[in-house]
Structures are given as structure tokens and as C-alpha cells.
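# Results of the structural survey
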Amino acid sequence: MPRIQYFVAASLDGFIATSTDDLGWLLQFDGFEGGADSYNEFMAGVGCMVMGGETYAWLMEHEPGRWPYTGTPSYVFTHHEYRAPDGADITFVRGDVQEFITDFRRAARDRNIWVVGGGNLAAQFADAGLLDEIILSVIPVVLGGGKRLLPMKGPTPPLELAASRTLGRGIVELRYLLPGRTGPQA
């Protein structure tokens, strides 16, 4: 069965962006050894993407008029009115993530669903018991504050470490299964 995955990078102290959505600390690691392989392996299994409005706005600001995920159905949770770039398969939605889970699964077909960001949206999936896996690249930088990795309502039972590997420049990739979930999809 397809999995709902949160594939994300965070600082050593658990932040995915600064409080002003600056990702310069992360972008300095672009092109690190093993990074492209990890991303390409992950994307090969993605059939649908789900993201928050702030993530979408960040992409549009940094990639104006260009959609980097052409060919992959995408859903954006937002309260704002946005226009999709030409050629992008984007559906703008608002409401509870549970209302749209059937749509996400249908769009993904037999592939995985990537919760792109941000942490608040991923937390909604986790709080609803819908998030299967967190694939976290820990970046060797301390931010001291910012947007949290997964701001859930309360503590979780222990997550199960399914895999780990060291990537280039001191980055560690960790794969965690959420409670009640089974191992990685074959």
C-alpha cells in the first residue's frame, strides 16, 4: 500500500526554516555527496505531493513561473487565492487533511504521497494518524530557533528507526516509522 511520507531536512536543533522562512543555511549544502541520489530514490516512489500554502508561496517566490514538480499531481492547503504555473497539476484546497485523503490516494495511484511541508501540515497528518514515515536529513547546522520540524499536539509513542545512513558533509538521513505503521514499502 502506498505510504504517506514526510521527506524533510532539519537543523541539528530541529528546525526546517528560520522564523522568516530563510533556507540559506540549508541551500549551502546543495550538491552534497549522496544528496541527489537520496532525493532521486525518494522521488521515484512519489505519485502525489501535498504541501502547505507557505511552502507553495516560497517555491513561487524562488522559482517564479516555474513548477519544479511537473507531471506529479500536487495539492496545496491554503486560505489564499493562488494561480498555478502553466503546466502544473495543482489543486488548491482548504480544510482538514482527512477530508482529502481519498483524493490524495487516488492521485498517487499505487505510489507514495509526499507531505512536502511545512511542519504544521505534516503535524496535521501525524495527529490524524495518517503519516506513515518520516525521512529526515539532519543538517549539521544549529539555527537556535525557527519553524519546528513537527509541531504536534502532544508527544508520540516511540518512533521506530527503520533505516539510517550517512550522506556527505556530515548529513545523516534517518527513516522513522510512526506507531502502528509497518515497514518500508518494497
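Residues numbered from 1 in each chain as written. Predicted model: local features only at pLDDT ≥ 70, side-chain atom pairs only at ≥ 80, totals over all residues. Heavy atoms only, no water.

### What to know about the nonpolar core
Worth spelling out the cut-off: We define the nonpolar core as a collection of buried residues of types Ala, Val, Leu, Ile, Met, Phe, Trp, Tyr and Cys that are connected through side-chain atoms lying within 4.5 Å of one another. Three labels apply to residues, based on accessible area from a 1.4 Å probe with only protein chains included: buried if under 20% of the type maximum, exposed if over 50%, partly exposed otherwise in between. For helices the rule is a DSSP run of H or I covering at least 4 residues; for strands it is a run of E covering at least 2, with both sets numbered from the N terminus onward.
Ranked by size, the top nonpolar core spans 33 residues in total, and within it Tyr6, Phe104, Phe125 and Leu131 carry the most contacts. Every element with two or more residues in this core is listed here: β1 (4-11), β3 (46-52), β4 (74-77), α4 (101-108), β6 (112-117), α5 (119-127) and β7 (133-139). Here this core gets five residues from one element, more than from any other, and that element is α5. Among the nonpolar cores identified, the runner-up in size contains 18 residues, and Phe7, Val46, Met49 and Tyr56 belong to it.

### Focus on the pairing of β7
Note the cut-off: If DSSP finds at least two bridges between two strands, the strands pair.
The buried fraction of β7 is high, at seven of seven residues. Alternating positions in β7 separate into two faces, Glu133, Ile135, Ser137 and Ile139 on one and Ile134, Leu136 and Val138 on the other, with burial throughout. Bridging between β1 and β7 involves seven bridges; their strand directions are parallel. Pairing of Gln5 across the sheet is with Glu133, part of β7.

### A look at the confidence of the model for the protein chain
Detail in the predicted coordinates should be disregarded across regions flagged by low pLDDT. Heads up, the rule is: For every residue, the predictor states its confidence as a pLDDT score lying anywhere from 0 to 100.
Scored by pLDDT, the protein chain has a mean of 92; 96% of the residues are at 70 or more. When pLDDT is averaged over each helix and strand of the protein chain, the minimum, 90, is found for helix α2 (residues 35-43) and the maximum, 98, for β4.

### Examining the sheet that holds β7
Here is the rule: What counts as an axis is a line fitted to C-alpha atoms, over the stretch in contact for a helix, and the angles between N-to-C directions run from 0 to 180 degrees. For this analysis, residues touch if any pair of their heavy atoms sits within 4.5 Å.
One open sheet holds the eight strands; their spatial order is β5-β4-β3-β6-β1-β7-β10-β9, and the pairing between them is mixed. Where the open sheet ends on each side, the last strands, each with one partner, are β5 (90-93) and β9 (160-166). Direction aside, the axes of adjacent strands within the sheet are offset by 20° on average. Of the strand pairs in this sheet, β7 and strand β10 (residues 172-177) are connected by six bridges, and their pairing is antiparallel. Looking at β10, one finds that Ser137 is bridged to Glu173. Helix-sheet contacts for α2 involve β1, β3, β6, β7, β9 and β10, and the interaxial angle to β1 is about 160°. Taken strand by strand, helix α3 (residues 53-62) contacts β3, β4, β5 and β6, and its axis lies near 100° from that of β3.

### Details of α4
The cut-off we apply is this: The arc in question is the one traced by the directions running from the helix axis out to the C-beta atoms.
Taken together, the buried positions of α4 are Ile101, Phe104, Ala107 and Ala108. All buried residues of α4 lie within an arc of 130° about the axis, which places them on one face of the element. Away from the buried face of α4 by more than 90 degrees, exposed residues Thr102 and Arg106 are located. At its buried positions, α4 is contacted by β1, β3, β4, β6 and α5. Following α4 by one or two positions, Arg109 has its phi on the positive side, about 55°.

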